[in-house]
Amino acid sequence: MKKLFPILAAFGLLAAPAQAQRAAYPPEMPGARAEVYRSTEAIDLEAWIFEPAGHRSGDARPAIVFFFGGGWNGGSPGQFRPQATYLAERGMVAIVADYRVRSRQGTLANVAVSDARAAIRWVRSNADRLGVDPDRIAAGGGSAGGHLAAMTATWPGDDDTQTHVGSVPDALVLFNPVLVTAPYPGQSDEEAEKFEKLRARLGAKPESMSPYHNVRAGLPPTVVFHGKNDKTVPYRHAQLFTEAMIAAGNRCELVGYADQGHGFFNPNRDGGVPHWDTIRRMDEFLITLGWLERQIGGTNTANAKN
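Counting of residues starts from 1 at the beginning of each chain's written sequence and follows it residue by residue. Local features are withheld for residues below a pLDDT of 70 in this predicted model, meaning they are given only at 70 or higher, and side-chain atom pairs are given and counted only at 80 or more; totals for whole chains, interfaces and linings count all residues. Think of the side-chain values as coming from all heavy atoms in the structure, minus any hydrogens and water.

Enquirer: Teacher, can you tell me more about the confidence of the model for the protein chain here?
Expert: Low-pLDDT portions of the prediction should not be read for the details of their coordinates. Every residue is assigned a pLDDT by the predictor, reflecting its confidence on a scale from 0 to 100. Per-residue confidence for the protein chain gives a mean pLDDT of 90; residues scoring 70 or more make up 87%. Ignoring residues within four places in sequence, the model shows residues 1–22, a span with pLDDT below 50, making 45 contacts including any to other chains. Between two residues, a contact is recorded if the distance between any of their heavy atoms is within 4.5 Å. The model gives residues 299–306 a pLDDT under 50, and that stretch makes 28 contacts with residues more than four places away or in other chains.

In structure tokens form, the structure reads like this:
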């Protein structure tokens with residue numbers, strides 16, 4: 001864990017208020033350059049690109065695209081600046097993407113999913129220019145952003161545009177994601193009520209927007225970080241998704257954090273300890289994929305229990 005602090009401090013992340021990093025919109029992204037990945041009638045959607053030292057066009061680096069949380073209603077891409085900065089320092093191309101939300105563009109979750117899938121396609125379409133390996137692109141995100149990342153892999157339909165370029169990522173890194181948006185056997189009465197209320201925010205059939213309901217064989221390797229005391233997105237939903245993934249023959253690791261609630265992975269929670277642990281475990285997961293090299297003398301293993 002100690003190895004992480006010099007890296008993040010060098011970019012000023014330890015000094016800046018974590019809440020301000022997440023809330024500011026448009027976000028401030030020092031150390032990144034912005035490009036438009038999708039133009040819509042309402043907004044030109046930008047992606048902020050964090051690059052490793054010495055990176056150049058024509059390289060074949062692994063990449064990750066992060067999507068912020070906010071209930072598909074708000075939020076800021078700045079939420080994942082710490083993770084993006086860290087992974088760029090570790091040698092990946094890390095991208096933080098904007099997408100349309102209800103409070104700013106009047107859109108529902110299905111539109112956000114479309115934007116997220118467009119972001120993955122954009123990176124893959126521009127892989128050579130961006131210096132990215134088109135076969136090593138991960139999607140990551142938290143809460144509603146975790147839902148978007150998961151939906152890029154589990155979307156049940158065909159690509160809506162550019163069907164010759166796939167929007168399915170090669171790995172998933174999910175932080176307290178929304179993974180169940182439709183009724184399932186054994187649900188509680190309270191969950192049934194929540195699913196009914198959620199329906200109006202989705203903009204599509206709940207089953208089509210539910211990663212859990214669309215698990216199938218051949219999905220990318222996945223790691224899920226989730227607080228066991230999450231009152232917003234139940235830990236049980238992460239368990240259901242993980243069980244379904246494994247049953248389908250996919251790799252899926254669930255890392256549960258005792259006594260942690262929703263948003264625990266943000267740097268302002270519990271002195272930042274859970275935040276650093278999720279970064280360390282994210283690093284370890286990417287090492288197992290062969291996307292990162294193990295740091296000599298580093299501490300990439302974690303001791304939290306599922």
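Enquirer: Whenever I open this one, the pairing of strand β1 (residues 33–39) confuses me. Can you help?
Expert: For a regular strand, side-chain orientation follows a simple rule: the groups alternate between the two sheet faces. The criterion for strand pairing is that DSSP finds at least two bridges linking the strands in question. Note on conventions: DSSP H or I runs of at least 4 residues are helices, E runs of at least 2 residues are strands, and numbering of each starts at the N terminus. Bridge count between β1 and strand β2 (residues 44–50): six bridges; the pairing is antiparallel. Looking at β2, one finds that R33 is bridged to I49. Hairpin remark: β1 followed by β2, antiparallel, with four residues in the connecting loop.

Enquirer: So what exactly am I meant to see when it comes to the side chain of Q83 here?
Expert: Mapping Q83 onto the fold places it in helix α3 (residues 81–89). According to the relative accessible area criterion, Q83 is buried, its value standing at 1%. With residues up to four places along the chain from it excluded, the contact list for Q83 reads F66, F265, H275, I279 and M282. A 1.4 Å probe rolled over the protein chains alone gives each residue an accessible area, and that area as a share of the maximum for its type sets the label: buried under 20%, exposed over 50%, partly exposed in between.

Enquirer: Just checking my understanding: could you explain the nonpolar core for this structure?
Expert: Nonpolar side chains tend toward joint burial in soluble globular proteins. Of all hydrophobic cores here, the largest spans 57 residues; its most connected members are Y37, F67 and W72. Here this core gets nine residues from one element, more than from any other, and that element is helix α5 (residues 109–125). Those residues within four positions of Y37 in sequence are excluded, and the remaining contacts are L45, E46, A47, A97, D98, Y99, D115, A118, A119 and W122. Here, nonpolar core means buried Ala, Val, Leu, Ile, Met, Phe, Trp, Tyr and Cys residues that are tied together by side-chain atoms lying within 4.5 Å of each other. Membership of the second largest hydrophobic core comes to 31 residues, among which are F80, F225, F285 and I287.

Enquirer: Explain the pairing of strand β4 (residues 93–97) to me, please; I cannot follow it from the model alone.
Expert: For β4, the buried fraction is high: five of the five residues fall into the buried class. Along β4, one buried face is formed by V93, I95 and A97 and the opposite face, lined by A94 and V96, is buried too. By the bridge criterion, four bridges tie β2 to β4 in an arrangement that is antiparallel. Its bridge partner lying in β4, W48 is registered against V96. Bridge analysis of strand β3 (residues 61–67) against β4 gives five bridges, and the strand direction is parallel. Looking at the pairing, A63 lines up with V93 of β4. For crossovers, right-handed means that the path from the first strand over the helix to the second runs clockwise, given strands pointing away from the viewer. Of the crossover connections in this fold, the one passing from β3 over α3 to the parallel β4 is right-handed.

Enquirer: Please explain the packing of aromatic side chains as it appears in this structure.
Expert: The geometry of two aromatic rings is summed up by the distance between their centres and the angle between their planes. Any two rings among Phe, Tyr and Trp, with Trp reduced to its six-membered ring, count as a pair given centres within 6.5 Å; such a pair is stacked if its planes are under 30 degrees apart, edge-to-face if over 60, and tilted if neither. Per the stated rule, a full pass over the model turns up ten aromatic pairs. Arranged with centres 4.2 Å apart and planes meeting at 15°, the rings of F68 and Y99 form a pair that is stacked. On the criterion of sequence distance, the pair formed by F68 in the loop between β3 and α3 and Y99 in the loop between β4 and α4 (102–105) is long-range, its members being 31 residues apart. The exposure classification of F68 matches that of Y99, with both residues buried. Criterion for a charge above a ring: Lys NZ or Arg CZ within 6 Å of the ring centre, and within 35 degrees of the ring normal. The residue whose ring lies beneath R104 is Y25, and the NZ or CZ to ring-centre distance is 3.5 Å.

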